[in-house]
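Close look at the chain arrangement
Chain by chain, the residues:
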Amino acid sequence: MEKIPKVVILPITNRCNAKCVMCNIWKKDNSQELTLEHYNKIFMDEIIKNNVESVNITGGEPTLRKELLRIIDIIVDNCEKLKSITINTNGFIPYSYKKVLDYIIQKDSNIEFYFYFSLDGVLEHHDKIRGVKGFFERLEKTLDVFEEYKEKCDVSVGFNFTITPYSCDNMIEANEYAKKRGLTIDYTLSMPSETYFDNADNNDLWSYSNEQKIKIKNNLLSFLKENTLSYNRAYYRNLIKMIDGGTRRIGCIFKENGMFITAEGNVYKCWSDSQKLGNVKEETVSNMWENSLNKEVTCSNCYNNCYVNYTRNNSIKGLMNDANRIY
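Here we summarise the structure given alongside this text. It should be emphasised that the depicted structure is a prediction, and the values quoted were computed from it without experimental measurement. (Residues numbered from 1 in each chain as written. Predicted model: local features only at pLDDT ≥ 70, side-chain atom pairs only at ≥ 80, totals over all residues. Heavy atoms only, no water.)

Brief notes about the environment of aspartate 244
Here aspartate 244 is to be found in the loop between helix H9 (233–243) and strand S7 (258–261). Put simply, aspartate 244 and asparagine 210 are 34 residues apart on the chain and 9.4 Å apart in space, counted from C-alpha to C-alpha. Separated by 2.8 Å, the side chains of aspartate 244 and lysine 217 make a polar contact. (Helix = DSSP H or I, 4+ residues; strand = E, 2+ residues; numbered from the N terminus. Polar contact = N/O pair within 3.5 Å; in protein donor to acceptor, adjacent residues only side chain to side chain.)

As structure tokens, then:
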């Protein structure tokens, strides 16, 4: 497979209105955020402009970035092969999504838009993980906004659930809520990341009791039987084995075709990789990509499911045939 960037994960801010137990992004410095000029530099670079098919906009909380729509414009107007944009968000500010949905209607492009909302449980269980009282109520109001727009704005909506020792008891109620809303929900285990979540020193996040491991595995098996999960089934079968100490046996698109660019402009092959390639403020993306070709990304202990985000988005299925293989 040709080694070119086809997917980009793009946190556009570290600012966040949540204080999640599994993430310390909200504690990070925000003073070095990339400007619109920097984003123009990234997406006008030939290696990005001519190859990228899917961009995942995230944060922090991306709706807190006042230039969000300008950044989307830069991506859409420059990436010649772009097929989809995914926005990972928490749903805390309902009115902010009306602006984004109105933009999508006005833009009238052929780009597929996907919104994935964090869900950690229902009612106070969600609020407890998010660290802010009333979060679930705000999320419900945001989902009502999308319901209001569903006839006039063709976007896809779903939930992401991050499994931790603090949230694993909430998996079933979250699954039931997703079914009630008529939306998909997908699960992954919390992972240490120095480059992204800044949580690598919090060992409690991946220290499960035997009872919790059994509960998580049984829940995932039940969800697989119900066919309520939108991720590749091989991912979940492998995840269940990894909970018992196995290694990753699922391929990863980021080994050869992915890029992670932080809100400050640091570039990595993926967010679980600690090998910094450089910074877009100082180098071109093309040069950094060229210098990355001989660097190996280690995946054996990675729970990350971001490679399947692009399979479910129906954007680059041919590319994913290789990433989904068992090796």
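Now that the structure has been shown, the text picks up again.
Let's talk about the nonpolar core
By size, the foremost hydrophobic cluster in this structure holds 99 residues, and its most contacted members are Leu10, Phe43, Ile75, Ile85, Phe115, Tyr187 and Leu220. If you tally residues by element for this core, the top one is helix H6 (residues 135–149), at 7 residues. With residues up to four places along the chain from it excluded, the contact list for phenylalanine 115 reads Ile87, Val100, Leu101, Ile104, Phe146, Val155, Ser156, Val157 and Gly158. (Core = buried A, V, L, I, M, F, W, Y, C linked by side-chain atoms within 4.5 Å. Buried < 20%, exposed > 50% of the residue type's maximum accessible area, 1.4 Å probe, protein only. Contact = heavy atoms within 4.5 Å.)

Considering a positive patch on the surface
Residues Arg233, Arg237, Lys241 and Arg249 make up a contiguous surface patch of positive charge. Relative to the helices and strands, lysine 241 is located in helix H9. (Patch = residues over 30% accessible without salt bridge, like charges linked within 9 Å, V, L, I, M, F, W, Y side chains within 5 Å. Areas by Shrake-Rupley, 256 points an atom, 1.4 Å probe, with all protein chains shown as cover. Salt bridge = Lys/Arg side-chain N within 4 Å of Asp/Glu carboxyl O. Lys, Arg positive; Asp, Glu negative; His and termini not counted. Charge placed at Lys NZ, Arg CZ, Asp CG, Glu CD.)

Focus: the environment of tyrosine 303
Within the secondary structure, tyrosine 303 is located in the loop between helix H10 (285–292) and helix H11 (306–312). Separated by 113 residues in sequence, tyrosine 303 and serine 190 place their C-alpha atoms 7.8 Å apart.

Some words on the packing of helix H4 (residues 94–107) against H6
As a packed pair, H4 and H6 sit with axes 9 Å apart at the nearest point and diverge in direction by 25 degrees. Considering their axes alone, H4 and H6 lie roughly parallel with respect to each other. You can see that H4 and H6 cross each other, and the crossing is right-handed. The segment H4 lies against H6, with Pro94, Tyr97, Lys98, Leu101, Asp102 and Ile105 engaging Arg138, Lys141, Thr142, Val145, Phe146, Glu148 and Tyr149. Taken together, the residues of the contact of H4 with H6 break down into 7 nonpolar, 1 polar and 5 charged. (Axes fitted to C-alpha atoms, helices over the stretch in contact; angles between N-to-C directions. Parallel < 35°, antiparallel > 145°, perpendicular 65-115°, else oblique. Left-handed = near helix turned anticlockwise from the far one by under 90°. Nonpolar A, V, L, I, M, F, W, Y, C, P; charged D, E, K, R; others polar.)

A closer look at the packing of aromatic side chains
Within the structure shown, the criterion is met by 11 aromatic pairs. Summarising the aromatic geometry, the rings of tyrosine 97 and phenylalanine 146 are spaced 5.8 Å apart at their centres and angled 55 degrees between planes, so their arrangement reads as tilted. Of this pair, tyrosine 97 sits in helix H4 while phenylalanine 146 sits in helix H6, and the two are 49 residues apart along the sequence. A relative accessible area of 1% means that tyrosine 97 is categorised as buried. Taken together through their ring pairs, the aromatic side chains of Tyr97, Phe115, Phe117 and Phe146 make up a single cluster. A cation over an aromatic ring shows up here: arginine 138 above the ring of phenylalanine 92, its NZ or CZ 4.2 Å from the ring centre. Just above the ring of tyrosine 149 sits the side chain of lysine 152; from NZ or CZ to the centre is 4.4 Å. (Phe/Tyr/Trp six-rings, centres within 6.5 Å; stacked < 30°, edge-to-face > 60°. Lys NZ or Arg CZ within 6 Å of the ring centre and 35° of its normal.)

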